[in-house]
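Tertiary structure, described
Below are the chains, spelled out letter by letter.
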Amino acid sequence: MNTRLKGISNELEVLKALANCGWLTTNLLAKWVWCDSSLKTGINKAQQITRRLLLNGDILARVTLAGPKAWILTQRGALRLNDSLVQLGFVKGWAHHGYAISTLQHLKQILVVQALIKYRVDGFAAVGKAGIRAGLVSSKYLPLDGVVVNMINGYTMGLLYVSDRSPSTQDRVAKLRGSCTLILIGEPRIVKVLSRVKEN
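Report follows, based on the coordinates. Residue numbers restart at each chain and count upward from 1, following the sequence in its written direction. Only residues with pLDDT of 70 or above have their local features reported here, since the model is predicted, and side-chain atom pairs are shown and tallied only from 80 upward, although totals for entire chains, interfaces and linings are computed over all residues. As a rule here, side-chain values cover all heavy atoms of the structure and leave hydrogens and water aside.

Observations concerning the layout of surface pockets
Note the following rule: Buried and open spaces are told apart on a 1 Å grid over the protein atoms alone, a cavity being a set of points where a 1.4 Å probe fits but cannot get out and a pocket being an open set with protein on both sides within 12 Å along at least five of seven lines. Residues with an atom within 4 Å of a point are the lining residues. Grid points are joined across faces, edges and corners, and a volume is the space filled by probe spheres set on the points. Only DSSP runs of H or I covering at least 4 residues are called helices, and only runs of E covering at least 2 are called strands; the numbering of each starts at the N terminus.
Considering only enclosed or pocket space, the largest pocket measures out at about 370 Å³ in volume. Lining the largest pocket are 17 residues, and of these Asn20, Ala125, Ala126, Val127 and Leu136 lie nearest its centre. Of all the elements in the fold, those that place two or more residues in the lining of the largest pocket are helix H1 (3-21) and strand S4 (125-128). Among the elements that line the lining of the largest pocket, the one with the most residues is H1, at 4 residues.

Next comes the structure, spelled out in C-alpha cells:
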C-alpha cells in the first residue's frame, strides 16, 4: 500500500473509532487504532491524523468535563465514513456525527474504552456505546456500555460501568446477567460487591 492510500486508511480507522466510541482523547485514540504499536508511536500517528482530519472538517475538538481535549465526528466526517462503509459492502453506513460529551462521565469513558482496547488487543471485535446505539450489535445490548465479540466462535460479553451498590444498580446487574456474560467496570470495591449479584 502506497503512502497516500495508507494515510487515507488511517484516517478512516480514526473516523471509525470515533463513530464506534462517540468521543476519544488523543491518548485513547492512539491505543484504539494503533494498539499493536508503542504508545509513543500511536500518539504521534494520532496527532498527525487528527490534525489532517480537523483541517479537512471531518472532526471537531471538544473539552471534556474533566479537562482533556476529545475528538468527535462532524457531519462531513460521518458522511465520509459512511460512504466508505457502503463501498466495503455495508447496506448503509452506521456512523452518526456529534456527541454530547456532557452526558458521558470522563472516568466512565476512560475505563470502558480501556477495557475494550484490552479485548481488541486479544483479537476480539469491540463495540462502544455509540456503536451499540448505531446498531452494530443486537438491540438487546442497548443497556450496556460496551460489547466484545470473539470473531471465531461468536462468544459475546457485555461491559457495564457501575458507580454504586444501590438496590437499583443491583437489580440492573441481575437483569443484564441474563442477556450475556457481564463484565463489570468501576471501582474495585463496588465491582467486588456487585459481582456476587445473581441473574434474575
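Observations regarding the sheet that holds strand S1 (residues 24-25)
Worth spelling out the cut-off: Two strands qualify as a pair provided that DSSP identifies no fewer than 2 bridges between them. Here, two residues are considered to be in contact whenever any of their heavy atoms come within 4.5 Å of each other. Under this scheme, a helix contributes an axis fitted over its contacting stretch, all axes are lines through C-alpha atoms, and angles between N-to-C directions fall in the 0 to 180 degree range.
Taken in spatial order, the 3 strands of this open sheet run S1-S3-S2, and their pairing is antiparallel. Every other strand in the sheet has two partners, leaving S1 and strand S2 (59-63) as the edge strands with one partner each. With 5 bridges connecting them, S2 and strand S3 (residues 69-73) associate as antiparallel partners. Each bridged residue has a counterpart across the sheet, and for Ala61 the counterpart in S3 is Trp71. The strands that helix H3 (residues 39-56) touches are S2 and S3; relative to S2, the one it contacts most, it runs at about 110°.

Overview of the environment of Thr25
Put simply, the rule is: What qualifies as a polar contact is a pair of N or O atoms within 3.5 Å, subject to a donor-acceptor requirement within protein and to the restriction that residues adjacent in sequence count only when both atoms come from side chains.
Residue position: Thr25 is located in strand S1. Those residues in contact with Thr25, other than ones at most four positions away along the chain, are Pro68, Lys69, Ala70, Trp71 and His106. A polar atom in the side chain of Thr25 sits 3.2 Å from the backbone nitrogen of Leu28.

Remarks on the environment of Thr26
Rules: For every residue, the accessible area (1.4 Å probe, protein chains only) is compared with the maximum for its type, and the residue is labelled buried under 20%, exposed over 50%, or partly exposed between those bounds.
Relative to the helices and strands, Thr26 is located in helix H2 (residues 26-33). The buried category is assigned to Thr26, whose relative accessible area is 18%. With residues up to four places along the chain from it excluded, the contact list for Thr26 reads Ile43, Ala46, Gln47, Lys69 and Trp71. Looking at Thr26, its side chain comes within polar contact range of the side chain of Trp71, at 3.0 Å.

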